[in-house]
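# Structural description and commentary
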Amino acid sequence: MLRNYLFLIFLISAGTHSAQAFQVVITELLPDPVPAISLPPEEFIELTNVSGKIIDISGWLLSNGRTTAVFPDSTFLPPDSILIVCSTRAFSQYLSYGRTIALTKYPVLSNDGDTILLFDRNQNLIHAVAYSIKSYGGVNTNGRSLEMIDLKKACSIKGNWQASESEAGGSPGKPSLAGISRDKETGFNLLYGFTKGNDKLVLVFDDVIDAASVANIKAIESEPWLDFTGLTIDGPLHNQLVCQLAGPLLPHKVYALQANSIRSCQLYPPGNTRRVKLGLADSIATGMVINELLFDPPPTGCDYVELYNTGQQIIDLQQLKLANRNNRGEISSSKSISTSPRYFCPGEYIVCTENKGWLSKQYLVKDPITILELEKLPSWPNETGSVVLLDGNNKILDELNYQSGWQFELLGNKEGIALERRNPTGKTQDRDNWFSAAMNVGYGTPGYANSQFTGNTFNGIKIWPEPALFSPDGDGKDDFCHIRYSFNEPGYVLTTLIYNRNGILVRSLARNGLCGIQGQFSWDGKDDKKNQLPPGIYIAVTDIFSVNGKTRRWRHAITLVY
């Protein structure tokens, strides 16, 4: 979730967010000082005055949400000055690094992740930083600080922090070594939504919202139509938009919303036209099924489980938990899927994993918003295990007791191959309702329809090229010839070889590839050495077979032109 990234926000008194319009920002912090590299083995938080004028921060508040410290009287920050903030115990150790102030109730930083809030004396939020271990980008956290990259873009909550590159482990009291300009736009996206009561909708974005862009209530489009009376920015990171309605939402009704006119504090327009679905969440969760499972990932990877909503209800993922069974058959190791409101609408997919980044590199992820990163999943062994889906009262909603023997028997190495449910409405524990994900989808379909889905399939076997005449010239039209397939059952293995007019093999498009129910293998007009082939007529020879002994061959003429 968003908690797995580093977030920043600045709120000015005029109510508008701007990349330049801030006064004091948190620019460095050291949450995990031991073992130290060269810095003192004590925490610190660094503040920088970027306003160009003297700022009186007397009576300002610094908080982690648990402990709040007050800056003493007569605390002034000259223009462009840096202030090191630490505990009274660490005061003498940081004096030599620059101007230092000790707070008697210094808010201790959690090693694993925390949110640090800076308020003025009137308790207006000035700046906030949320971090986690993942904010370090894989760098060892011990003795190393986190530093802001670009002061000009301090309002952005996307990608503006990194582990310090200083040999000492940090640079308290000095400009950050990471202080370089980020010219590349990072976009602005609507993520998901939820409701507050029955007359407020909350839309969550991946960056800070520009206040000027919410002045027009027509910035939000809905289907079916909703009468909005006002839009306000909310949330500690100011990336949530509260949409006030003139009347209550209808129960059991799904609404689709877009926010294409809302901009980020960097004035970036939305990077996509994403529509989020939401409505009033039901108190009882039904229709949730376990739809796909990776229990034997590569050594550098991690498990994932996909859930699918087959019902007609809107479910708040805060109600759901994942678990396993221990050696005594007892439900064990339950983990909440979400700690904040997140709605799961009919017909939607949600994937739970411990490493969203790895999953997105290993498999095709069509919609990253469907992937939820949990701090820890229950253990699901490689040979046999149990996946249990629970509601908030620990009632079992679905359970899968799997075995590695359920994978396709002709597969050699089953590592990294997901087990897919063939029909979401079929029985979960029916072995015949599960099959290995197809080769042409990368052996996994996290967040979208399974390659082995048999709900609406072609009643027979068919192989065909599309288009039979193609021109791989990069113009975006007919650049590939797709060898498409359609089967009435899973378990077919396909080989497609491309020959030139002299009968010479030029491309092995697929060899013994496990197929789904429907899919394709795509030819780009190149040979096996990635050299572009000359124009002409080529023959695609496709052989299929199954463990049931069914075999068949097709020959198709394909014309390559430029």
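Treat the numbers as computed from the prediction; the structure is a model and nothing was measured. (Residues numbered from 1 in each chain as written. Predicted model: local features only at pLDDT ≥ 70, side-chain atom pairs only at ≥ 80, totals over all residues. Heavy atoms only, no water.)

The helix and strand inventory of the protein chain stands at 2 helices and 40 strands. Across its three principal directions, the C-alpha atoms of the protein chain cover 85 × 55 × 55 Å. The burial tally for the protein chain puts 54% of its 562 residues in the buried class. Here the analysis covers contacts within the protein chain between residues at least 6 apart in sequence; of these, 62% occur between residues at least 24 apart. A total accessible area of about 24,800 Å² is found for the protein chain, and carbon and sulfur atoms account for 49% of it. Placing the 51 positive and 56 negative side-chain charges of the protein chain at their respective mean positions leaves the two points 4 Å apart. (Helix = DSSP H or I, 4+ residues; strand = E, 2+ residues; numbered from the N terminus. Buried < 20%, exposed > 50% of the residue type's maximum accessible area, 1.4 Å probe, protein only. Contact = heavy atoms within 4.5 Å. Areas by Shrake-Rupley, 256 points an atom, 1.4 Å probe, with all protein chains shown as cover. Lys, Arg positive; Asp, Glu negative; His and termini not counted. Charge placed at Lys NZ, Arg CZ, Asp CG, Glu CD.)

Turning to the sheet that holds strand 33 (residues 462-466), a few remarks are in order. Here 3 strands make up an open sheet; going across it, the order is 33-35-38 and the pairing antiparallel. Both edges of this open sheet fall to strand 33 and strand 38 (518-523), since each of them pairs with a single strand only. Averaged over neighbouring strand pairs, the angle between their axes works out to 20° when direction is ignored. Direction of pairing for strand 33 relative to strand 35 (residues 481-486): antiparallel, over a ladder of 5 bridges. Along strand 35, the bridge assignment pairs Lys462 with Ser486. (Pairing = 2+ DSSP bridges. Axes fitted to C-alpha atoms, helices over the stretch in contact; angles between N-to-C directions.)

Further remarks concern the state of the cysteines. This structure, assessed with the given rule, holds 1 disulfide. At a sulfur-sulfur separation of 2.0 Å, the disulfide partner of Cys155 is Cys265. Because the sign of the S-S torsion sets the handedness, a value of about 90° for the bond joining Cys155 and Cys265 places this disulfide among the right-handed ones. A residue pair is termed long-range when its members are at least 10 positions apart, and Cys155 in the loop between strand 12 (146-148) and strand 13 (161-163) and Cys265 in the loop between strand 19 (255-258) and strand 20 (276-278) qualify at 110 residues. No difference in accessibility class separates Cys155 from Cys265, as the two residues are buried. Summary of cysteine pairing: Cys345 is not part of a disulfide, and the nearest cysteine sulfur, belonging to Cys243, is at 15 Å. In this structure Cys345 comes out as buried when scored by relative accessible area, which is 0%. (Disulfide = S-S within 2.5 Å.)

Let us look at the pairing of strand 15 (residues 200-205). Taking burial as the measure, the 6 residues of strand 15 include 5 buried ones, the bulk of the element. Strand direction decides the pairing type here: strand 14 (residues 190-196) and strand 15, joined by 6 bridges, are antiparallel. Across the sheet, the residue bridging to Phe194 is Val202, located in strand 15. Between strand 14 and strand 15, which pair antiparallel and follow one another directly, the connecting turn spans 3 residues, one of which, Gly197, has a positive phi of 65°. Looking at chain direction, strand 15 and strand 18 (residues 240-245) are connected through 5 bridges and run antiparallel. Bridge assignment links Leu201 to a residue of strand 18, and that residue is Cys243.

This brings us to unusual backbone geometry. Looking along the chain, the bond that leaves Val34 and enters Pro35 is cis, with omega of -5°. Tracing the backbone shows Pro35 in the loop between strand 2 (24-30) and strand 3 (44-49). The residue after Glu223, namely Pro224, is reached through a cis peptide bond having omega -5°. Mapped onto the elements of the fold, Pro224 is located in the loop between strand 16 (221-223) and strand 17 (228-234).

As judged from the 6 bridges shared by strand 36 (residues 492-499) and strand 37 (residues 505-514), these two strands associate in the antiparallel manner. Bridge pairing links Ile498 to Arg507 in strand 37. Here strand 36 folds back onto strand 37 in antiparallel fashion, the turn holding 5 residues, of which Gly503 has a positive phi close to 80°.

Let us now look at the confidence of the model for the protein chain. Of all residues in the protein chain, 93% attain a pLDDT of 70 or more, and the chain-wide mean is 90. When the criterion is pLDDT under 50, residues 1-21 qualifies, and its contacts beyond four places in sequence or with other chains add up to 88 contacts. (pLDDT = per-residue confidence, 0-100.)

Along the chain, Trp554 falls in strand 40 (residues 551-560). Placed 496 residues apart in sequence, Trp554 and Ser58 show a C-alpha to C-alpha distance of 81 Å.

Looking now at the nonpolar core. Across soluble globular proteins, you tend to see nonpolar side chains buried next to one another. Formed by 36 residues in total, the largest nonpolar core has its most connected members in Leu201, Leu203, Phe205, Ile220, Leu241, Leu257 and Ile262. For this core, the secondary-structure elements that each account for two or more residues are strand 14, strand 15, strand 17, strand 18, strand 19 and strand 20. With residues near it in sequence (within four places) discarded, Leu201 still touches Phe194, Thr195, Leu226, Phe228, Leu241, Val242, Cys243, Leu245, Leu249, Leu257 and Leu278. One finds Ile26, Ile45, Trp60 and Val85 within the second-largest nonpolar core, a separate group that totals 30 residues. (Core = buried A, V, L, I, M, F, W, Y, C linked by side-chain atoms within 4.5 Å.)

Another point: a nonpolar patch on the surface. Among the surface-exposed residues, Leu410, Phe545 and Val547 lie close enough to one another that they form a single nonpolar patch of about 230 Å² accessible area. Relative to the helices and strands, Leu410 resides in the loop between strand 30 (396-403) and strand 31 (419-421). On the accessibility criterion, Leu410 (47% relative accessible area) is partly exposed. (Patch = residues over 30% accessible without salt bridge, like charges linked within 9 Å, V, L, I, M, F, W, Y side chains within 5 Å. Salt bridge = Lys/Arg side-chain N within 4 Å of Asp/Glu carboxyl O.)

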